[in-house]
Amino acid sequence: MKLNVAVQMDPIARINIRGDSTFALLLEAQKRGHGLSYYTPDKLSLKGEELVAPVHILTVRDEAGDHFTLGEPRREALSAFDVILLRQDPPFDLAYITSTHLLERIHPKTLVVNNPASVRNAPEKLFVMDFPHLMPPTLISRDIDEINAFRDEHGAVVMKPLHGHGGAAVFRIMPQDMNFGSLFDMFSVTFREQWVIQRFLPEVRHGDKRIILVDGEFAGAVNRVPAPDDLRSNMVRGGAAQATDLTDREREICAGLGPALRERGLLFVGIDVIDGNLTEINVTSPTGIRAIARLGGPDIAAKIWDVIENKRSGK
């Protein structure tokens, strides 16, 4: 089966192909003979009932600094494609939300991965709150009295923006921390929405495990160990990738999430687990599949395309 595939993503010239999961998906699609086209989300237009964009024929190569070639742009109705990969990075702002509304108009006749309505309705640090029994104690708030009561109950906490990504603006706050007042003021000015306050998990020093689920099933994992002088284990923040297996608790977490992910059409999801505690469910543009493959793990890009091809063939 040869599919006509478009990818909606951030500028392809800027990606780091060594770690970019989208690039792995594009390489695998090209290997299978699927036609690839590319556009950026700001180019979407809705003309009456027709969703259009100026798309470029795309060719990809696994060569840093020379990883793509684009054809001349041509205006296309996106409903003409078999599959659209929705792979733009956060911030999860009104521009992102608008693109999900637009793509929802052509899904599922054109299969959008992930389902745009579910991406919109499952913000990564809010969707996870549907599973409190799998999580560490967590508060979503910007109210100082609620936050102080939570700190009194749990001691050291982590505070981070609700719609942040890539480990940006993540802070550990200790009991009686003299920096808390300044951090509270900074967050109040910078972020209009509520924030995430979560009990600090000291075992993060041994790693924050990224687990990939494909169509609700475990597909692979990588352990990300933070640098000695950093709280954050994100690989873009200097975290070191290590091969890993799942514990019984982590398999329980995957089994608990699987049905909800399948029901929502969230085909490609990355979850974060620290010391047996689920901390995030990443549905927008999860990373990790190239690191997993480099460490001798499964070819998750191939698994994702197997599922996409089966869905398009009606299996």
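Data block above holds the structure.
Rules and cut-offs
- Residues numbered from 1 in each chain as written.
- Predicted model: local features only at pLDDT ≥ 70, side-chain atom pairs only at ≥ 80, totals over all residues.
- Heavy atoms only, no water.
- Pairing = 2+ DSSP bridges.
- Helix = DSSP H or I, 4+ residues; strand = E, 2+ residues; numbered from the N terminus.
- Axes fitted to C-alpha atoms, helices over the stretch in contact; angles between N-to-C directions.
- Buried < 20%, exposed > 50% of the residue type's maximum accessible area, 1.4 Å probe, protein only.
- Polar contact = N/O pair within 3.5 Å; in protein donor to acceptor, adjacent residues only side chain to side chain.
- Contact = heavy atoms within 4.5 Å.
- Core = buried A, V, L, I, M, F, W, Y, C linked by side-chain atoms within 4.5 Å.

Enquirer: What's the story with the sheet that holds strand E10 (residues 157–161) in this structure? I'm lost.
Expert: Backbone hydrogen bonds hold the strands of a sheet together, and the pairing may be parallel or antiparallel. Pairing in this open sheet of four strands is antiparallel, and the strands run E9-E12-E10-E11 from one edge to the other. At either end of the open sheet lies a strand with only one pairing partner, and these are strand E9 (138–141) and strand E11 (171–173). Recorded for the sheet is a direction-independent mean angle of 25 degrees between the axes of neighbouring strands. Judged from the five bridges that link them, E10 and strand E12 (residues 195–199) form a sheet pairing that is antiparallel. Its bridge partner being in E12, Val158 is matched across the sheet by Gln198.

Enquirer: I tried to follow the pairing of strand E14 (residues 217–225) on my own but got confused; where do I start?
Expert: One face of the sheet, then the other: side chains in a regular strand alternate in exactly this way. Among the nine residues in E14, seven count as buried, and that is most of the element. Where strand E13 (residues 208–214) and E14 come together, seven bridges link them in antiparallel fashion. Looking at the pairing, Asp208 lines up with Arg224 of E14. Turn length for the E13-E14 hairpin, with the two strands adjacent in sequence and antiparallel, is two residues, and the turn residue Asp215 shows positive phi of about 50 degrees. Sheet topology places E14 next to strand E15 (residues 240–242); three bridges connect them, and they run antiparallel. Across the sheet, residue Val225 finds its bridge partner in E15, namely Ala240.

Enquirer: Quick question: what am I supposed to make of the side chain of Thr138 here?
Expert: Among the secondary structure elements, Thr138 is positioned in strand E9. A polar atom in the side chain of Thr138 sits 2.9 Å from the side chain of Gln198. If sequence neighbours within four positions are ignored, Thr138 has contacts with Met129, Phe150, Val196, Ile197 and Gln198.

Enquirer: Help me out: how do you make sense of the nonpolar core in this one?
Expert: In globular proteins that are soluble, nonpolar side chains generally tend to be buried together. One finds Leu78, Ile271, Leu278 and Ile281 to be the most contacted residues of the largest nonpolar core, which totals 39 residues. Contributions of two or more residues to this core are made by strand E4 (50–60), strand E7 (83–86), helix H2 (94–104), E13, helix H7 (248–264), strand E16 (268–274) and strand E17 (277–282). Counting residues per element, this core draws most heavily on H7, at five residues. If we ignore the near neighbours within four places in the chain, the residues touching Ile281 are Glu124, Phe127, Val128, Phe131, Leu257, Leu261, Val269, Gly270 and Ile271. Counting 36 residues, the second largest nonpolar core, distinct from the first, contains Ile15, Leu58, Ile304 and Trp305.

Enquirer: Would you mind going over the sheet that holds E14 with me for this structure?
Expert: Read across the open sheet, the five strands follow the order E15-E14-E13-E16-E17; overall the sheet is antiparallel. Only two strands of the sheet have a single neighbouring strand rather than two, namely E15 and E17. Sheet twist, expressed as the average angle between the axes of neighbouring strands with direction ignored, equals 30 degrees. Each of E13, E14, E16 and E17 is contacted by H7, which is oriented at about 150 degrees to E16, the strand it contacts most.

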